[in-house]
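Each chain, letter by letter, is given below.
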Amino acid sequence: MNIVACVKQVPDTEAQIKVKPDGSGIDESGIKWVMNPYDEYGVEEALKLKEKLGGDVTIVCAGPARAMETIRTALAMGADKGIHIDDPALEGADAYATATALAAAIKGIPYDVIFCGQRAIDDDSGQVGAILAELLGLPQLTVVTKEETDGKTVKVVRPVEGAAFVIESSLPAVVTAQKGLNEPRYASLPGIMKAKKKPVDVKNLAALGVSVESKSKVAKMVPPPARPPGKIIAGDDPAVKAAELAKLLREEAKVI
Amino acid sequence: MAKGVWIVAEQRDGAFRKISFELASTARKLADELGEEVGAVLLGSGVEGIAGELGKYGVDKVFVADDAALEPYTTDAHAAAVAKIVKENDPSILLFGASAQGKDLSARVAGKLATGLATDCTEVKIDGGKLVAVRPMYAGKCYGEVVFSAFPQMASLRPNVFPAVENAKAGAVTKFDAGLDASQLKTKVVEVQKDASGKIDLTEAMVIVSGGRGMGGAEGYACLEELANVLGATVGASRAAVDSGWRPQADQVGQTGKVVSPNLYVACGISGAIQHLAGMSSSKFIVAVNKDEEAPIFAKADYGIVDDLFKVIPELAKECKKLVG
Ligand SMILES: Cc1cc2nc3c(=O)[nH]c(=O)nc-3n(C[C@H](O)[C@H](O)[C@H](O)COP(=O)(O)OP(=O)(O)OC[C@H]3O[C@@H](n4cnc5c(N)ncnc54)[C@H](O)[C@@H]3O)c2cc1C
Ligand SMILES: Cc1cc2nc3c(=O)[nH]c(=O)nc-3n(C[C@H](O)[C@H](O)[C@H](O)COP(=O)(O)OP(=O)(O)OC[C@H]3O[C@@H](n4cnc5c(N)ncnc54)[C@H](O)[C@@H]3O)c2cc1C
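Residues numbered from 1 in each chain as written. Chains lettered and ligands numbered in written order. Predicted model: local features only at pLDDT ≥ 70, side-chain atom pairs only at ≥ 80, totals over all residues. Heavy atoms only, no water.

Engineer: Describe in detail the pattern of salt bridges, supporting the description with residues and values.
Structural biologist: Working definition: two side chains of opposite charge can pair if their charged atoms are close together. Under the counting rule described, the total for this entry stands at 37 salt bridges over all chains. Here Lys8 of chain A makes a salt bridge to Asp122 of chain A, at a shortest N to O gap of 2.9 Å. Of the two residues, Lys8 of chain A sits in the loop between β1 (2–6) and β2 (9–11) while Asp122 of chain A sits in the loop between β6 (113–117) and α4 (128–136), which places them 114 residues apart along the sequence. A salt bridge links Lys241 of chain A to Asp307 of chain B; its shortest N-O distance comes to 3.0 Å. (Salt bridge = Lys/Arg side-chain N within 4 Å of Asp/Glu carboxyl O. Helix = DSSP H or I, 4+ residues; strand = E, 2+ residues; numbered from the N terminus.)

Dropping the structure here:
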């Protein structure tokens, strides 16, 4: 099996996000960068598949120089090689432009299945997997919590509101990972040592023979709307406080 | 010139989902500002009969494709049908629900139409005749205003955020042929496992009662279930509770769980870690019950009680029952 996993480097979930004063983006100073948590599930699923059916796992990542660290993390988990798309033209790229770059890289290699995360936790847009599938002419199976394949077809479970769809598809296909799919492994120390020697191709867009065009952009970033300060219901008796709360919810907030 | 504000309505088992009316009302507002019409796309099998209902919420024209291949939902079939009718009519704005189906479909359609999509928006407005879509980014730690350089300008709207307002328009129904070619459909739904509990999904619930590590175990949730019963609420959980095996994955609220915006979110025994806040800070009212007055959840709460939840919640259920009847 030729397995591809797309990974994105994102700020750690603990990161304090500060918008630059001119609203042009976020202040990246002091941010710790990590692999997008959903991509960890994608990489893990790729590795499990390789263990079951044989083959190799290629990591594809678009991002600036620092993103190499995230590729190495995936290699340390057990992936075999990487493609790092590094091009200043991708700065501020939208999902369409990013997917165009990923598709160009993936077109150049053999693939049977492509894993993505269901969304990246920075832009939170959850589109790259689907657009990538469209650009490669493949079916998409998104937000998947269970995946099974014999190498020719794939069967997944996709939860929706109040139900779960069991879907079958031909391969190749793009599968986007949701929490619950598996428990991602940690990189072992020998894994980390080995990862240093695994091949990573660094390519710019010209080398991929593609140019990208964003279809949308973030014109301005703003801090979240402030919430008015809350009210702590004082007192010693839980029953009295509960009664007060119920009254406030009914009469002031009007939500019950 | 692209013209018209369109929505892609969502139905399941022949009934509209609430988000469809939220979309219609929002589209109406935008269209009135632009002086344009509201169009809706409705896909399914045996759904022509319900199409007219969209008129009640401000839709001028409904384009219906009624085809057995559109039921149950598959990305392949629905994306092909939406792309076809949209290309033929060239609307300037195209709105979807940021529901499980809407997110899957909208991204594929954006790919097919080679245009931009702003996901999970909490506000949409018109500026200089063009769409500006406002959406939380970085788990709600900041908001981005998205603008578009291609048509249609696409956005998906977060459920429960935009009001559904009745505003009767013609809702004239036109049928169209989805033009599906069975050989191009590569995915097949082999089973739909319905949740028999009949509870409303967290993403659609108006009231959520959520418990964290402070619940102490699966049994601890009995008091939350009782309160939820009284309030017609859905029970949610923090990741700590899910990872401990007390609650199923589907109940998790937060950055790696569900993003919810109910009218009321009651957080019990939840400390308010940044990843949890990511999933619920757009709730309209937030209540926190926690025995630690320093818990960060209180900084987000409209009302807080510092006490043992096992003493507070049963009393709260009793009091609410008196009020709600
Ligand atoms: C202010 C700003 C600055 C940016 N700077 C850069 C930059 O310097 N270099 C650059 O390459 N991009 C840059 N981008 C692009 C951006 O980071 C995203 O790649 C793009 O917006 C799409 O990601 P998403 O969050 O919408 O992905 P989603 O659709 O939420 O992601 C879903 C999945 O797609 C895959 N995926 C998404 N993005 C990538 C990726 N980049 N590489 C591999 N897999 C991916 C992952 O598997 C991910 O889980 C920038 C964007 C902004 C807004
Ligand atoms: C990549 C990543 C993603 C994550 N995603 C999510 C996510 O999606 N959702 C999520 O929730 N978390 C997520 N987390 C985990 C998050 O960081 C916290 O660990 C988690 O939210 C803590 O859950 P909690 O508040 O239930 O537990 P704790 O932080 O342990 O808090 C328990 C609280 O209960 C209170 N308490 C205890 N007993 C009682 C009592 N009898 N009465 C009243 N109060 C009581 C305590 O005072 C305490 O404040 C993520 C973490 C990472 C690293």
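Engineer: Kindly report on the site of ligand 1, identifying the contributing residues and their values.
Structural biologist: All names here are of chain A. Taken together, 28 residues lie around ligand 1, and Asp39, Ser125, Gly126, Gln127 and Val128 are the ones closest in. Separating a nitrogen atom of ligand 1 from a backbone N or O atom of Ala62 is a distance of 2.8 Å. Within the contact set of ligand 1, an oxygen atom lies 3.2 Å away from a backbone nitrogen or oxygen of Gly63. Its free accessible area being 900 Å², ligand 1 has 88% of it covered by the protein chains. Of all the secondary structure elements, the ones that give two or more residues to the shell around ligand 1 are β4 (56–62), α3 (95–107) and β6. A class-by-class count of the residues in the shell around ligand 1 yields 13 nonpolar, 8 polar and 7 charged. (Near = heavy atom within 4 Å. Polar contact = N/O pair within 3.5 Å; in protein donor to acceptor, adjacent residues only side chain to side chain. Areas by Shrake-Rupley, 256 points an atom, 1.4 Å probe, with all protein chains shown as cover. Nonpolar A, V, L, I, M, F, W, Y, C, P; charged D, E, K, R; others polar.)

Engineer: Can you tell me about the domain arrangement of chain A, naming the residues and giving the values?
Structural biologist: By convention, interface size is frequently given as the accessible area that disappears when the constituent parts associate. When its domains are assigned, chain A resolves into domain 1 (2–208) and domain 2 (228–256). The centre of domain 1 of chain A, based on its C-alpha atoms, is set 45 Å off from the matching centre of domain 2 of chain A. (Domains from an automatic or database assignment.)

Engineer: Which residues make up the interface of chain A and chain B, and what values go with them?
Structural biologist: Opposite the 77 residues of chain A that make contact, chain B presents 88 residues. At the boundary of chain A and chain B, one finds 7 salt bridges. Here Lys179 of chain A ties to Asp243 of chain B by a salt bridge, and the two come within 3.1 Å at their closest N and O atoms. The interface formed by chain A and chain B includes 50 residue pairs in polar contact (both at pLDDT 80 or more). Those elements that provide at least two residues to the side of chain A that touches chain B are α1 (37–53), α4, β7 (140–144), β9 (153–160), β10 (163–170), β13 (216–222), β14 (231–232) and α7 (238–251) of chain A. It is α7 of chain A that contributes the most residues to the side of chain A that touches chain B, 11 residues altogether. Looking at the side of chain A that touches chain B residue by residue, the class counts come to 42 nonpolar, 14 polar and 21 charged. (Contact = heavy atoms within 4.5 Å.)

Engineer: Before we move on, can you summarise the environment of Ala15 of chain B with the specific residues and values?
Structural biologist: Residues and elements named next belong to chain B. Mapped onto the elements of the fold, Ala15 is located in strand β3 (residues 15–16). Residues Ala15 and Ala51, 36 residues apart in the sequence, show an inter-C-alpha distance of 9.9 Å. Not counting chain neighbours up to four residues away, the residues in contact with Ala15 comprise Glu10 and Ile50.

Engineer: Describe the domain arrangement of chain B, listing the residues and the values that go with them.
Structural biologist: All names here are of chain B. Per the domain assignment, the segments making up chain B are domain 1 (5–184) and domain 2 (202–324). Distance from the C-alpha centre of domain 1 to the C-alpha centre of domain 2: 32 Å. Counting residues at the interface gives 9 residues for domain 1, matched by 12 residues for domain 2. Around 860 Å² of area is buried between domain 1 and domain 2 when both sides are counted, 44% of it from carbon and sulfur atoms. Summed over the three residues of domain 1 that lose the most area to domain 2, namely Ala139, Arg158 and Asn160, the buried surface amounts to 55% of that side. At the surface where domain 1 touches domain 2, the tally comes to 1 salt bridge. Here Glu204 ties to Arg17 by a salt bridge, and the two come within 2.5 Å at their closest N and O atoms. Inspection of the region where domain 1 meets domain 2 yields 5 residue pairs in polar contact (both at pLDDT 80 or more). (Buried area = accessible area lost by both parts, 1.4 Å probe.)

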